[in-house]
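An overview of the molecular structure
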Amino acid sequence: MIEYQQLCLDLRCSGSYSFDSFVGSRHIVDVLKNIVSGSFCNHNIFISSRYCSGKTHLLKATSQWCIDSGASVIYIDMKDIARLSPEIFKGLSGVDLVCLDNINLVAGHVIWEEALFNLFKRMQVVYRPLVLSGNSFPRYIDFVLPDLKTRLCSCLCLELDNLDDAEKIILLKNKAIEMGLNVSDDVLAYIINNSKSDVVSLLECLDFLSTESFTKMQRPTISIVKKYINKI
């Protein structure tokens, strides 16, 4: 069984997951801050976005904000479903806030769906909120239990906006700083204008740029970006 407190403490080691460093959809940040900073009223949030669009960042930032506020929080990524047990949901009603990431991955697993439904009921009794995320709105996810789907659809459902080019540059610049990489605005603009536009591809390009630059002990250049684009 994973130690709940360890799940919280792990978040402290990752300062990059903060509301300040989140790029895009600032109105959702405001909603989450209100939930955490308020009286932890029984108001559940469901955040929908595609892969690598920021929902995990937001849930971890929410968890960190909660920790910094002195409240208790649990963050669980359902990508780890293979090594977890539904029993992990038991006892969470004593926690101020529960964040469950990628819950679309429990769809079709009846035991997990029942455990999640029961968690909803327990959290409602003690007036504690859930913050959840998935790759689509609940009504489009193939949950088996109708009651669970109803509960999920009753959440305040928010969708992350796609990043525009200016926001993508900010995102890449922030990631480059985290990686210790000094990338000029010209190079970042070239990546945005010439690489694939989805966030995953942009970050993969940045990873290649980082590897090449550190290996060759040189500053990131447009020629390295061209090399990457020609490879894919």
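Residues numbered from 1 in each chain as written. Predicted model: local features only at pLDDT ≥ 70, side-chain atom pairs only at ≥ 80, totals over all residues. Heavy atoms only, no water.

Next up on the list: the nonpolar core. Of all hydrophobic cores here, the largest spans 28 residues; its most connected members are Ile76, Phe89, Leu100, Ile103, Leu116, Leu119 and Leu132. Ranked by the residues each element gives to this core, the list is headed by helix H4 (residues 110–125), at 7 residues. With sequence-adjacent residues up to four places away left out, leucine 100 is seen in contact with Leu59, Ile76, Phe89, Leu116, Leu119, Val131, Leu132 and Ser133. Counting 22 residues, the second-largest nonpolar core is a separate cluster that includes Val29, Ile35, Leu59 and Ala71. (Core = buried A, V, L, I, M, F, W, Y, C linked by side-chain atoms within 4.5 Å. Buried < 20%, exposed > 50% of the residue type's maximum accessible area, 1.4 Å probe, protein only. Helix = DSSP H or I, 4+ residues; strand = E, 2+ residues; numbered from the N terminus. Contact = heavy atoms within 4.5 Å.)

On to helix H6 (residues 165–178), then. An ideal rise of 1.5 Å per residue puts 20 Å on 14 residues; H6 measures up with 20 Å between its terminal C-alpha atoms. Listed as buried for H6 are Lys168, Leu171, Leu172 and Ala176. Down the axis of H6, the smallest arc covering the buried residues is 135 degrees, so these residues share one side. Residues of H6 that are buried in the fold lie against helix H7 (185–194) and helix H8 (199–216). (Expected span 1.5 Å × (residues − 1). Arc of directions from axis to C-beta.)

Attention now goes to the packing of H6 against H8. Interaxial distance between H6 and H8 falls to 11 Å at its minimum, and their mutual angle equals 40 degrees. In this structure, H6 meets H8 at a crossing whose hand is right-handed. Touching Lys168, Leu171, Leu172, Lys175 and Ala176 of H6 are Val199, Leu202, Leu203 and Leu206, all from H8. The residue makeup of the contact of H6 with H8, split by class, is 7 nonpolar, no polar and 2 charged. (Axes fitted to C-alpha atoms, helices over the stretch in contact; angles between N-to-C directions. Left-handed = near helix turned anticlockwise from the far one by under 90°. Nonpolar A, V, L, I, M, F, W, Y, C, P; charged D, E, K, R; others polar.)

One pass over the structure, following the stated rule, counts 6 salt bridges. Measuring nitrogen to oxygen at the nearest pair gives 3.2 Å for the salt bridge that ties glutamate 87 to lysine 90. Connected through salt bridges with shared partners, the residues Glu212, Lys216 and Lys227 form a single ionic network. (Salt bridge = Lys/Arg side-chain N within 4 Å of Asp/Glu carboxyl O.)

One pass over the full model with this rule turns up 3 aromatic pairs. Ring centres of phenylalanine 19 and tryptophan 65 lie 5.3 Å apart, and the angle between their planes is 55 degrees; this geometry places the pair in the tilted category. With phenylalanine 19 in the loop between helix H1 (4–12) and helix H2 (26–37) and tryptophan 65 in helix H3 (residues 55–68), this pair connects stretches of sequence that are 46 residues apart. Tryptophan 65 sits in the partly exposed class, given a relative accessible area of 30%. Ring geometry for phenylalanine 208 versus tyrosine 228: centroids 5.2 Å apart, planes at 40 degrees, classification tilted. Of the two residues, phenylalanine 208 sits in helix H8 while tyrosine 228 sits in helix H9 (residues 222–231), which places them 20 residues apart along the sequence. Comparing phenylalanine 208 with tyrosine 228 shows no difference in burial state: the two are buried. (Phe/Tyr/Trp six-rings, centres within 6.5 Å; stacked < 30°, edge-to-face > 60°.)

Another aspect to go through is the pairing of strand S4 (residues 130–134). Along any regular strand, the residues point their side chains to alternate faces of the sheet. Extensive coverage of S4 is indicated by the burial of 5 of its 5 residues. Both faces of S4 are covered, namely the face carrying Leu130, Leu132 and Gly134 and the face carrying Val131 and Ser133. Taken together, the 3 bridges between strand S3 (residues 97–101) and S4 define a ladder with parallel strand orientation. Note that in S4 the partner of leucine 100 across the bridge is leucine 132. (Pairing = 2+ DSSP bridges.)

What follows deals with the sheet that holds strand S2 (residues 73–77). Judged by pairing direction, the sheet is parallel, and its 5 strands sit side by side in the order S2-S3-S4-S1-S5 without closing on themselves. Both edges of this open sheet fall to S2 and strand S5 (156–159), since each of them pairs with a single strand only. When the angles between neighbouring strand axes are averaged without regard to direction, this sheet yields 15 degrees. Helix-sheet contacts for H2 involve strand S1 (45–48), S3, S4 and S5, and the interaxial angle to S1 is about 155 degrees.

Quick look at the confidence of the model for the protein chain now. Note: predicted coordinates in regions of low pLDDT should not be interpreted at a detailed level. Here the protein chain averages 86 in pLDDT, while 90% of its residues score no lower than 70. Ranking the elements of the protein chain by mean pLDDT puts H1 last with 41 and helix H5 (residues 146–153) first with 96. (pLDDT = per-residue confidence, 0-100.)

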